[in-house]
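Summary of structural features
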Amino acid sequence: MVEAPKFIILGATGSIGTQALDIIRSSNYQLVAFSYGYNTNVALKIIEEFKPLYVSTQDEEGAKLIQTKYPNIVIYTKEEGNNKIASLYPNDAIVINALVGSAGLKPTSIAIETGHNVLLANKETLVIGGEIIKKLVKENNVSLIPIDSEHSAIYQLLKGHNNKEINKIILTASGGPFRTYNKEDLLNVKVEDALNHPNWKMGSKITIDSATLMNKGFEVIEAYHLFGLEVDQIETIIHPESIIHSMVEFKDYSIFAQMGPSDMHLAINYAINGPEHKECDILKPLDLTSVGSLHFEKLDLEKYQLVKMAYTALKKGEFYTTVLNAANEVCVELFLNNKISFVDIERIILEEMSLFASKECLLEFTIDNILHLDQQIKNKIKNKYNS
């Protein structure tokens, strides 16, 4: 009898983590370890159902509660806990990285270096450390499979093809809740408005990134590192219905599209069970007759300055994407805490990028230096606006 595949989830209580658990449950696979932030109540339910042997948490009080209730579980805490969880079961478990933010970079590198195949939902890993991660993947002969719906779509569409056939890839963006807003309208945007995405149910960080379209900029950077294309082969367009998740245009101008409901289960199932398109009882079919019609608009890079800045940072390379991501992370946090306005997010990020471009950076491009600069940028912006 073949043993069920083993999985480790980093960020198991978040949106992607809980949906990954749905697929693992439906497939009768094993969850051997997971990490989470502060949602101990949900973590306890995961432990009760899946009976993992290792858990890591940011919540030290929660760790004591788990240890009391489940004395046989090994508990780790804080950032080093994520790193430890990522290194368990070398060559014998698949790591799903569903962490949010730059905190996902180090555990990804550790998972790869200890021989794990990684299913990646943590986009910041490739945004800030793509060149390093690509090198580690090659050196350790492991797989890095995207979970993002857009990159999952490209990953599926390129099956059986090579890059010489590709003219370009086309990443679709819904345009978020403010697609039809002008600059004056955006001045009055509240947190609850920005969290009201028209198509997707996601965590608060990625929902705000989708409202500013910073998320689409990050996806351009991810696609560059994932698929080995030139920057000018990556196009972004507005597609309000979010039914086509991405497209590939080949050299003969034929365009292949991957379509599906606005539900991350499909991409997660393909990452876990691919390259087979495996049946899963929680997946829902797409009724094209109910969709009716599909619409496409040009993504105006002058209107969406953060997408334009992502292209610029990608072309400049190395620490430019670190600064872009760090400024965005802290600005989203400040906005969610009502410390800055919605339009301040773009303004502060562009200011920080301009300031960095005016200075000479002599740091060696390493993971430790990336994370050091990341924290510097965040602390500086927090100290200025978090009053």
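Before reading further, recall that the structure is shown in the block above.
Residues numbered from 1 in each chain as written. Predicted model: local features only at pLDDT ≥ 70, side-chain atom pairs only at ≥ 80, totals over all residues. Heavy atoms only, no water.

**Notes on the packing of helix α15 (residues 319-336) against helix α17 (residues 367-385)**
Defined as follows: A fitted line through C-alpha atoms represents every axis, and for helices the fit uses only the stretch in contact; the resulting angles, taken between N-to-C directions, go from 0 to 180 degrees. Only DSSP runs of H or I with at least four residues qualify as helices, and only runs of E with at least two residues qualify as strands; both kinds are numbered from the N terminus onward. By convention the crossing between two helices is left-handed if the near helix lies anticlockwise of the far one by an angle smaller than a right angle, and right-handed if it lies clockwise. The contact criterion used throughout is that any non-hydrogen atoms of two residues lie within 4.5 Å.
Closest axis-to-axis distance for the α15/α17 pair is 9 Å, and the angle between their directions is 35°. In this structure, α15 meets α17 at a crossing whose hand is right-handed. For the pair α15 and α17, contact is made by Phe-319, Thr-322, Val-323, Asn-325, Ala-326, Ala-327, Glu-329, Val-330, Glu-333 and Leu-334 and by Asn-369, Ile-370, Leu-373, Asp-374, Ile-377, Lys-378, Ile-381, Lys-382 and Tyr-385, respectively.

**Focus on the packing of helix α16 (residues 342-357) against α17**
Selection criterion: Here is the rule for angles: anything less than 35 degrees is roughly parallel, anything more than 145 is roughly antiparallel, 65 through 115 is roughly perpendicular, and the remaining ranges are oblique. Three categories are distinguished: nonpolar for Ala, Val, Leu, Ile, Met, Phe, Trp, Tyr, Cys and Pro, charged for Asp, Glu, Lys and Arg, and polar for the others, with Gly belonging to the last.
Put simply, α16 and α17 touch, their axes get as near as 12 Å, and they point 130° apart. When the axes of α16 and α17 are compared, the pair comes out oblique. Taken as a pair, α16 and α17 cross one another with a handedness that is right-handed. On α17, the residues touching Arg-347, Ile-348, Glu-351, Glu-352, Leu-355 and Phe-356 of α16 are Leu-373, Ile-377, Lys-380, Ile-381 and Tyr-385. Taken together, the residues of the contact of α16 with α17 break down into 7 nonpolar, no polar and 4 charged.

**Considering the layout of surface pockets**
Left-over empty space is what a probe sized like a water molecule reveals as it rolls over the atoms. Applied cut-off: Every definition here rests on a 1 Å grid over the protein atoms only: cavities are sets of points where a 1.4 Å probe fits but cannot get out, pockets are open sets enclosed by protein on both sides within 12 Å along at least five of seven lines, and lining residues have some atom within 4 Å of a point. Grid points are joined across faces, edges and corners, and a volume is the space filled by probe spheres set on the points.
By volume, the second largest pocket amounts to about 410 Å³. Those elements that provide at least two residues to the lining of the second largest pocket are α8 (183-186), α10 (204-212) and α16. Ranked by the residues each element gives to the lining of the second largest pocket, the list is headed by α16, at 5 residues. Looking at the lining of the second largest pocket residue by residue, the class counts come to 9 nonpolar, 4 polar and 5 charged.

**Re the sheet that holds strand β12 (residues 297-298)**
Our working rule: Any two strands with at least two DSSP-identified bridges between them are counted as paired.
Sheet architecture is open: 5 strands sit in the order β11-β10-β8-β9-β12, paired in mixed fashion. Strands at the two margins of the open sheet, each flanked by one partner only, are β11 (255-259) and β12. By the bridge criterion, 5 bridges tie strand β8 (residues 166-173) to strand β10 (residues 244-250) in an arrangement that is antiparallel. Across the sheet, Ile-169 pairs through a bridge with Val-248, a residue of β10. Those strands touched by helix α7 (residues 149-157) are β8, β10 and β11, and its axis lies near 40° from that of β10. Across the sheet, helix α11 (residues 214-227) is in contact with β8 and β9 (234-238); its angle to β8 comes to roughly 150°.

**Describing the side chain of Asn-328**
Here is the rule we go by: Only protein chains enter the accessibility calculation, which uses a 1.4 Å probe; a residue is then buried when its area is under 20% of its type maximum, exposed when over 50%, and partly exposed in between.
Mapping Asn-328 onto the fold places it in helix α15. Take Asn-328: its relative accessible area is 0%, and that puts it in the buried class.

**Concerning the sheet that holds strand β4 (residues 74-77)**
Taken together, the 7 strands give an open sheet; going across it, the order is β4-β3-β2-β1-β5-β6-β7, and neighbouring strands pair in parallel fashion. Looking at which strands have only one partner, the edges of the open sheet turn out to be β4 and β7 (144-146). Direction aside, the axes of adjacent strands within the sheet are offset by 20° on average. Alignment of strand β1 (residues 6-10) against strand β5 (residues 94-97), held across 4 bridges, turns out to be parallel. Bridge assignment links Leu-10 to a residue of β5, and that residue is Asn-97. In this fold helix α3 (residues 60-69) packs onto β2 (30-36), β3 (54-57) and β4, with an angle of close to 180° to the strand it touches most, β4. Where helix α6 (residues 124-140) meets the sheet, it contacts β5, β6 (118-120) and β7, and its direction lies at approximately 145° from that of β7.

**Digging into the pattern of salt bridges**
Threshold: By salt bridge we mean one thing: a side-chain nitrogen of Lys or Arg within 4 Å of a carboxyl oxygen of Asp or Glu.
Inspection of the entire model under this criterion finds 22 salt bridges. With its nearest N and O atoms 3.0 Å apart, the salt bridge here joins Glu-150 to Lys-216. Highlighted residues: Glu-150 in helix α7 and Lys-216 in helix α11, separated in sequence by 66 residues. A single burial state applies to Glu-150 and to Lys-216, both of which are buried. We note a salt bridge from Lys-308 to Glu-302, for which the minimum N-O separation is 2.8 Å. One network of salt bridges, with partners in common, ties together Lys-123, Asp-148, Glu-150, Lys-216, Glu-219 and Glu-222.

**Brief notes about α7**
Across the 9 residues that make up α7, a large majority, 8, are buried. Burial in α7 covers these residues: Ser-149, Glu-150, His-151, Ser-152, Ala-153, Ile-154, Gln-156 and Leu-157. Buried residues along α7 sit in contact with β7, β8, α11, β10, β11 and α12 (265-273).

**Quick look at the packing of aromatic side chains**
The geometry of two aromatic rings is summed up by the distance between their centres and the angle between their planes. This is how it is decided: Centres within 6.5 Å make a pair out of two Phe, Tyr or Trp rings, where for Trp the six-membered ring is used; the pair is then stacked when the planes are under 30 degrees apart, edge-to-face when over 60, and tilted otherwise.
Summed over the entire model, instances satisfying the criterion amount to 11 aromatic pairs. With a centroid separation of 5.7 Å and 25° between ring planes, the pair formed by Phe-7 and Tyr-29 is classed as stacked. Of this pair, Phe-7 sits in strand β1 while Tyr-29 sits in the loop between α1 (15-27) and β2, placing them 22 residues apart in sequence. Its relative accessible area of 16% is what places Tyr-29 among the buried residues. Here the aromatic rings of Tyr-320 and Phe-356 are separated by 5.0 Å at their centres, their planes lie at 85°, and the arrangement is edge-to-face.

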